[in-house]
Amino acid sequence: MLRLFLRRFTKALLWFAGGSVLLVLVFRFVPPPGTALMVERKIESWVDGEPIDLQRTWKPWDEISDDLKVAVIAGEDQKFPEHWGFDLSAIKAALAHNELGGSIRGASTLSQQVSKNLFLWSGRSYLRKGLEAWFTALIEVFWPKQRILEVYLNSVEWDDGVFGAEAAARHHFGVSAKSLSRQQASYLAAVLPNPRVWSASHPTSYVSRRAGWIRQQMSQLGGDSYLLTLDDSRRAPWAQ
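Since this is a predicted model, take the numbers as computed values, not measurements. (Residues numbered from 1 in each chain as written. Predicted model: local features only at pLDDT ≥ 70, side-chain atom pairs only at ≥ 80, totals over all residues. Heavy atoms only, no water.)

Colleague: Please clarify how the pattern of salt bridges should be interpreted in this entry.
Modeller: Pairs can form between side chains of opposite charge once their charged atoms are near each other. For the coordinates displayed, the defined rule picks out 13 salt bridges. With a shortest N-O distance of 2.9 Å, Lys-145 and Glu-140 are connected by a salt bridge. Across the pair, Glu-140 and Lys-145 agree in class, each one buried. Several salt bridges share partner residues, and in doing so they unite Arg-41, Glu-44, Glu-157, Asp-160 and Arg-196 into one network. (Salt bridge = Lys/Arg side-chain N within 4 Å of Asp/Glu carboxyl O. Buried < 20%, exposed > 50% of the residue type's maximum accessible area, 1.4 Å probe, protein only.)

Laid out in structure tokens, this is it:
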């Protein structure tokens, strides 16, 4: 019985591994039709009895503001062009902070957030974190950095039921994702740690300060020209 169980379990793992690799390869070229987080939000609305209108319009790389691309990197993951999905120094700092108690600090990279939003459910279980690491490794191997950022910007939540840069730009500022100004982009990036509580169009004083800090970081990174080096900054993992 044990041998049979192990054989079936191994077979299931191989099918899962093969299927997930195929799915990641497909999404390297094909826009994902939706995300696991969107499904989760819809189920939550059914359970709570509060209908939700999911908003999302996929936009390719060239139809998204460069200011928003740089703002998101500046605010969320400044080592994005350099790492292979995991920022080890940020993870160590977060672990040290969390051991002290109080507020919980995360250390997710943009790649990890793509993995979680696109393929997985919310939560902090070891199973979910393990699957997140698996999908993060896959997209880092099979996708260029530009594709990871493109999928992120089309998948992240910017208000209840508002997913992706185009829906967020329309919802908060009444413009297209391509027409976002530098200031508007910084406000959208500023609310990403808690987009269902903070508003880009009705910012608190904290959000405004954070947006100002993000604009400073955007300038220090080099502005739009920073995007030209997205796929040129990584060293091989064994050289890190």
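Colleague: Looking at this model, I keep getting lost on the packing of helix α8 (residues 165-173) against helix α9 (residues 182-190). Mind explaining?
Modeller: The axes of two packed helices give the description: the angle between them and the distance between them. As a packed pair, α8 and α9 sit with axes 11 Å apart at the nearest point and diverge in direction by 105°. Relative to α9, the element α8 is oriented roughly perpendicular. Residues Ala-168, His-172 and Phe-173 of α8 form the contact with α9, whose own contacting residues are Gln-184, Tyr-187 and Leu-188. Here the contact of α8 with α9 is built from residues that sort into four nonpolar, two polar and no charged. (Axes fitted to C-alpha atoms, helices over the stretch in contact; angles between N-to-C directions. Helix = DSSP H or I, 4+ residues; strand = E, 2+ residues; numbered from the N terminus. Parallel < 35°, antiparallel > 145°, perpendicular 65-115°, else oblique. Contact = heavy atoms within 4.5 Å. Nonpolar A, V, L, I, M, F, W, Y, C, P; charged D, E, K, R; others polar.)

Colleague: Explain helix α7 (residues 145-155) to me, please; I cannot follow it from the model alone.
Modeller: Residues three or four positions apart in an α-helix share a direction because the helix packs 3.6 residues into each turn. Burial analysis of α7 places ten of its eleven residues in the buried class, the great majority of the element. Here α7 has its buried residues at Lys-145, Arg-147, Ile-148, Leu-149, Glu-150, Val-151, Tyr-152, Leu-153, Asn-154 and Ser-155.

Colleague: In this structure, what is going on with the side chain of Arg-56? I would like to understand it.
Modeller: Counting through the fold element by element, Arg-56 comes out in the loop between α2 (36-48) and α3 (66-76). Salt bridges are absent for the buried Arg-56, whose nearest opposite-charge side chain, Glu-150, sits at 9.9 Å. A polar side-chain atom of Arg-56 sits 3.4 Å from the main-chain carbonyl oxygen of Pro-33. Of the polar contacts made by the side chain of Arg-56, one reaches the backbone oxygen of Asn-154; its length is 2.8 Å. The contact partners of Arg-56, leaving out residues within four places of it in the chain, are Pro-32, Pro-33, Gly-34, Met-38, Asn-154, Ser-155, Phe-163 and Ala-167. (Lys, Arg positive; Asp, Glu negative; His and termini not counted. Polar contact = N/O pair within 3.5 Å; in protein donor to acceptor, adjacent residues only side chain to side chain.)

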